[in-house]
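Take a look at the letters that make up each chain.
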Amino acid sequence: MSTNEHAAPVLELTDLSVSFSTRQGLIRAVDGLSLSVGRGEVHGIVGESGSGKSVAMYSLLGLTRDANASITGSVRFEGREILGSGDKAMQPIRGGEIGMIFQDPMTALTPVYTVGWQIVEQIRQHTDLTKAQAKARAIELLGEVGIPDAKRRVDSYPHEFSGGMRQRVVIAMAMSCNPKLLIADEPTTALDVTTQAQILDLMSRLRDVHNSSIVIITHDMGVIAEMADRVTVMYAGRPIEAGPELDVVRHPRHPYTWGLLGAVPRIGERSERLATIAGNVMSPLDVPVGCAFAPRCAYVMDECAARPPWSDGDHRSACWLSDTQRVALRRKES
Amino acid sequence: MLLFIVRRLISAFLVMFSISVVVFLIFFATPGVNPAARIAGRSASPEVLAHVAAEFGLNRPLPIRYGLMMWHLLFQQDLTSYVNIGVKVIPQITGAAPITLSLIVGAAVLWLLAGVAGGLVAAANRGKWIDPLIMFGGIAAVSIPAYWLGEVVNLVTQNKFHSLFSWLPAPGYVSITQSPWQWALHLIFPWITLATLYAGVYARVLRAELVNALNEDYVRTARAKGLSERRILVKHALRCSLVAIVSLFGLDFGSLVGGAALLTEVVFGLNGIGMLTYNSLLNLDLPVIMGCVMYGAFFIVLASAVVDVLYAFLDPRVRSVH
C-alpha cells in the first residue's frame with residue numbers, strides 16, 4: 001500500500017466519512033476518504049476550499065464539536081483504532097502523539113498567556129517534567145524553530161510576535177512532545193511568500209530530525225511539490241486521485257488534477273490571465289450521485305452519471321476516462 | 001505595569017478634579033440663581049444669607065469661590081447643612097458610607113460567586129437541559145425589581161413566617177466593629193436581595209462571553225494540545241472572558257457604592273448613602289447633595305481606575321499599548 005515498505009503505516013484512514021445533518025439536508029463533508037501515511041512520510045492533501053480536507057483531519061482527532069456530525073469509517077493510528085474514542089482516551093494522543101498546526105497563527109494562540117507558558121502547558125500535560133525543566137525545553141524548542149533570542153522571547157506574549165514567528169511558536173508547540181505524526185492544516189496560507197518558504201523548510205528539517213510523519217493540508221500545488229512524498233487530491237469531500245507526488249504531478253490522471261496543476265502560474269510563460277477551472281465548487285447539498293466533478297468537467301461523458309470506481313495500484317484515481325482516452329486528450333491539449 | 005498604574009491614578013485624579021469643577025459650577029454658577037439662598041435652604045433669614053455669602057466668598061471671583069468651597073468640603077470639613085441647622089455634611093457621609101459599603105461589598109461577593117458559577121455551568125453544558133434552565137433563572141432574576149423582592153423577603157421573614165425566622169433581627173444595621181456576627185445577620189437578606197439582579201446579569205453575560213470564546217481558534221489549539229475540557233474552559237475560555245466581567249463589575253460597583261442601591265436601603269431600613277442623597281434631595285439640602293455627588297463620583301472614578309489596572313493585569317495587549 002505505502003511506498004515505505006520497511007514500516008507499517010503511522011496513520012491509516014479507511015473509508016472515512018463525515019456528514020452533518022442540517023435543516024437543508026445531509027451534508028457529506030468527507031465521503032469515503034482512504035489514505036495511509038508511512039513513517040517519516042509527508043502526505044499532502046490538496047483540494048479547493050470546502051473540499052473537506054480540514055474537516056477530515058479535525059474529525060480524526062475528535063475535534064469536530066458539532067452535535068449533528070456523524071463520523072464513520074476507520075482511523076488507525078499506530079495500529080490502534082482511534083475513531084470514536086472519547087475525549088479522555090484521545091487526550092494523550094492529541095498533542096502527545098499527534099501534533100497539530102493551524103492555518104491562522106494570528107488567532108491560534110491564547111492571547112493572555114506568554115508563548116512559553118503555552119508550550120509548558122502542553123509539555124506538562126503529556127510528561128512528568130517539572131515547570132523549570134519544561135521551560136528549559138520550551139526555550140530549546142523555540143531556538144530549534146528559529147526564534148532568535150529564545151531565552152528572552154519565551155516570556156513574550158503572542159501579540160508581540162509577527163505572523164511568521166507565531167507560526168514558528170505553534171510549530172514548536174506541536175513538536176514539543178515529539179509527536180509521531182504532525183497534521184498541518186494550511187500552515188502557510190496566512191503567511192507572506194518568503195515566510196511560507198521558511199516555514200516549509202522548517203517543517204522539512206523537523207521531519208528529518210525527529211523522523212515524524214506529516215500530513216499537510218493545502219490548496220497550493222507548489223507546497224505539495226516542495227514537501228509531499230505522496231498526494232491525495234480531494235474534490236467535494238471525495239478523494240479523486242492519489243499516489244506518489246511525482247506521479248501525480250507529472251502524470252495526473254483526473255481532469256480536476258489537470259486543472260489544479262494548470263492553475264499554477266509558471267515563470268517564463270506570459271499569459272494575460274491565470275488559468276482557472278471553470279465553475280465553482282457546488283453547494284455541498286447538491287453533490288451529484290455520479291462523479292462529483294462532472295458538472296465542471298470539460299470531458300464529461302454519459303458514464304459520469306454513475307460514481308467512478310477507485311482504481312487499483314499505487315497511483316489511483318476515480319474517473320471514467322480510459323488510459324488511451326487520457327493520453328489522447330492530454331496530447332491534444334499540449 | 002507600575003508606570004501604567006501611576007498614569008491611571010493621575011488621570012483619575014484629573015477626572016475627579018473636573019467633576020468637582022462641574023459640580024461646583026452647576027450649583028454656584030447657574031445664571032439667575034442666588035447660591036446663598038440655595039445653600040441656606042428654604043425660608044432662610046437675611047442674616048443667615050449674609051453669613052453664607054461671607055463664608056463662601058460669594059461676592060468674590062469664581063476660582064476663589066471654588067477654592068473656598070473645596071476647602072470647606074474636603075479640608076476644613078466644616079460644611080454645614082442649613083436645613084438641619086448645624087449638622088455637618090462630612091460626618092453624615094462618613095456615617096452613611098460604611099453602611100452602603102457593607103451592603104454592596106457583601107452583595108458583590110455573592111453575585112460574583114453566583115454569576116460566575118452560573119455562567120460557567122451553563123456554558124459547559126450548552127445544548128443540555130441545564131443551560132436554558134440557568135439562563136431562564138438569570139432572566140427571572142434580572143426581571144424582579146429589588147424593592148419588590150425586598151418587600152417580599154421582609155414580609156416572609158418578619159411577618160408571615162416570622163416563627164421560622166426568629167433568629168433574624170429586625171431590619172437595621174449593626175456596625176461590623178460592634179459585632180461581626182450581628183452585622184452579617186442584619187445584612188444577609190439585603191445582600192441576597194441586591195445580589196439576585198446582578199447575579200442574573202453576570203451569569204448571562206459570562207455565558208455569552210464563554211460561548212464566544214469556546215468557538216475561538218485558540219480553544220481548538222488547546223483541544224489539539226490534549227488538555228481536558230475543564231482546563232480549557234477555566235484556564236483558556238474563562239480567563240479570556242474575565243475582561244468583560246471586570247468592566248461590568250467596575251461600573252456596577254462604582255454606581256452602587258455611589259448611592260444606586262437606594263431602593264434596597266429603603267426597603268431594609270439601612271441609612272446608607274442612597275438614603276442620605278434621597279433625603280437631602282427631598283429637603284433641597286444643597287451642601288449635602290454636593291457632598292453626596294462628590295462622594296459618588298469619587299467611587300465611580302476610583303472603580304473605573306481599578307478596572308483599568310485590572311484590565312492591564314488580565315490582558316497583556318492593553319499593557320503594551322501604553
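Predicted, not measured: the structure shown is a model, and the values here were computed from it. (Residues numbered from 1 in each chain as written. Chains lettered and ligands numbered in written order. Predicted model: local features only at pLDDT ≥ 70, side-chain atom pairs only at ≥ 80, totals over all residues. Heavy atoms only, no water.)

**Remarks on the overall build of chain B**
Put simply, the rule is: Helix numbering and strand numbering both begin at the N terminus, where a helix is a DSSP run of H or I of at least 4 residues and a strand a DSSP run of E of at least 2. Throughout, a residue-residue contact means that at least one pair of heavy atoms, one from each residue, lies within 4.5 Å. Areas reported as accessible are Shrake-Rupley estimates using a 1.4 Å probe. Residue values count occlusion only from the protein chains shown. Charge assignment in this entry is limited to Lys and Arg as positive and Asp and Glu as negative, and neither His nor the chain termini are counted. For charged residues, the charge sits on one atom: NZ in Lys, CZ in Arg, CG in Asp, CD in Glu.
Summing up its helical and strand segments, chain B has 14 helices and two strands in all. Based on the C-alpha atoms only, the size of chain B along its principal axes is roughly 80 × 60 × 35 Å. Considering only residue pairs separated by 6 or more positions, chain B has 67% of its internal contacts joining residues 24 or more positions apart. Surface summary for chain B: the accessible area is close to 15700 Å², and the carbon and sulfur share equals 70%. On chain B, the mean spot of the 21 positive side-chain charges and the mean spot of the 14 negative ones are 9 Å from each other.

**Brief notes about the domain arrangement of chain B**
All names here are of chain B. Formally: Reported domain spans reflect what an automatic or database domain assignment gives. Two parts placed together each lose some accessible area under a 1.4 Å probe, and adding up what both lose gives the buried area. Think of a salt bridge as a Lys or Arg side-chain nitrogen and an Asp or Glu carboxyl oxygen that are within 4 Å of each other. We call two N or O atoms a polar contact when they sit within 3.5 Å, provided that within protein one can donate a hydrogen and the other can accept it, with sequence-adjacent residues counted only if both atoms are side-chain atoms. Three classes are used, and their members are as follows: Ala, Val, Leu, Ile, Met, Phe, Trp, Tyr, Cys and Pro are nonpolar, Asp, Glu, Lys and Arg are charged, and the others, Gly among them, are polar.
By domain assignment, chain B separates into domain 1 (2–89) and domain 2 (90–314). If you average the C-alpha positions of domain 1 and of domain 2, the two centres end up 32 Å apart. Contact with domain 1, which involves 27 residues of that partner, is made by 24 residues of domain 2. Note on domain 1 versus domain 2: buried area summed over both sides is about 2400 Å², and carbon and sulfur give 77% of it. Here Asp308 ties to Arg8 by a salt bridge, and the two come within 2.6 Å at their closest N and O atoms. Taken together, the connections running from domain 1 to domain 2 amount to three residue pairs in polar contact (both at pLDDT 80 or more). Of all the secondary structure elements, the ones that give two or more residues to the side of domain 1 that touches domain 2 are α1 (2–28), α2 (35–40), α4 (62–75), β1 (80–81) and β2 (87–88). If you tally residues by element for the side of domain 1 that touches domain 2, the top one is α1, at eleven residues. Partitioned by chemical class, the residues of the side of domain 1 that touches domain 2 number 18 nonpolar, five polar and four charged.

**Concerning the pattern of salt bridges**
One pass over the structure, following the stated rule, counts 26 salt bridges over all chains. In this structure, the salt-bridge partner of Asp31 of chain A is Arg238 of chain A, at a minimum N-O distance of 3.5 Å. Highlighted residues: Asp31 of chain A in strand β2 (residues 25–37) and Arg238 of chain A in strand β10 (residues 238–244), separated in sequence by 207 residues. A salt bridge links Asp217 of chain B to Arg220 of chain B, with the nearest nitrogen and oxygen atoms 3.8 Å apart. Residue Asp217 of chain B and its partner Arg220 of chain B are located together in helix α9 (residues 217–224), separated by three residues, close to a single helical turn.

**Examining the layout of surface pockets**
All names here are of chain B. Quick reminder of the rule: A cavity here means a set of 1 Å grid points, computed over protein atoms only, where a 1.4 Å probe fits but cannot escape. A pocket is an open set with protein on both sides within 12 Å along at least 5 of 7 lines, and lining residues have an atom within 4 Å of a point. Grid points are joined across faces, edges and corners, and a volume is the space filled by probe spheres set on the points.
One number sums up the size of the largest pocket: a volume of about 590 Å³. Taken together, 22 residues line the largest pocket, and the ones lying closest to its centre are Met16, Leu74, Met294, Tyr295 and Phe298. If you list the elements that add at least two residues to the lining of the largest pocket, you get α1, α4, α5 (89–124) and α13 (286–314). Ranked by residue count, the leading element in the lining of the largest pocket is α13, at seven residues. For the lining of the largest pocket, the residue count by class is 18 nonpolar, four polar and no charged.

**So, the packing of helix α6 (residues 163–175) of chain A against helix α7 (residues 193–210) of chain A**
Residue and element names in this part refer to chain A. Our working rule: All axes are obtained by fitting lines to C-alpha atoms, using only the stretch in contact for helices, and the reported angles, taken between N-to-C directions, cover 0 to 180 degrees. Orientation categories follow fixed angle ranges, with anything under 35 degrees roughly parallel, anything over 145 roughly antiparallel, 65 to 115 roughly perpendicular, and all other angles oblique. By convention the crossing between two helices is left-handed if the near helix lies anticlockwise of the far one by an angle smaller than a right angle, and right-handed if it lies clockwise.
It is at 10 Å that the axes of α6 and α7 come closest, and there the two elements cross at 15°. For the element pair α6 / α7, the angle class is roughly parallel. Classified by chirality, the crossing of α7 by α6 is right-handed. Contact residues: Gly164, Gln167, Arg168, Ile171 and Met175 in α6; Thr195, Gln198, Ile199, Leu202, Met203, Leu206 and His210 in α7. Residue composition of the contact of α6 with α7, by class: six nonpolar, five polar and one charged.

**A look at empty space enclosed by the protein**
In this structure the tally under the stated criterion is three cavities of 30 Å³ or more. In this structure, the largest cavity occupies an estimated 100 Å³ of space. Around the largest cavity, the lining is made up of 16 residues, and of these Gln158, Leu168, His186, Pro190 and Phe268 of chain B lie nearest the centre. At the level of secondary structure, the elements contributing two or more residues to the lining of the largest cavity comprise α7 (146–160) and α8 (180–214) of chain B. The element that contributes the greatest number of residues to the lining of the largest cavity is α8 of chain B, accounting for six residues. Counted by class, the lining of the largest cavity contains eleven nonpolar, five polar and no charged residues. His254, Pro255, Cys291, Phe293, Ala294, Cys297, Tyr299, Met301, Cys304, Cys319, Trp320 and Leu321 of chain A are the residues that line the second largest cavity.

**Quick look at the sheet that holds strand β4 (residues 69–77) of chain A**
All names here are of chain A. Test applied: The pairing criterion for strands is at least two bridges between them, as found by DSSP.
One open sheet holds the four strands; their spatial order is β2-β1-β4-β5, and the pairing between them is antiparallel. If you trace the sheet from one side to the other, it starts and ends with β2 and β5 (80–81), each paired once. Pairing of strand β1 (residues 11–22) with β2, which is carried by nine bridges, proceeds in the antiparallel orientation. Note that in β2 the partner of Glu12 across the bridge is Ser36. Helix α1 (residues 53–60) rests against β1, β2 and β4 of the sheet, and its axis sits at about 105° to β1.

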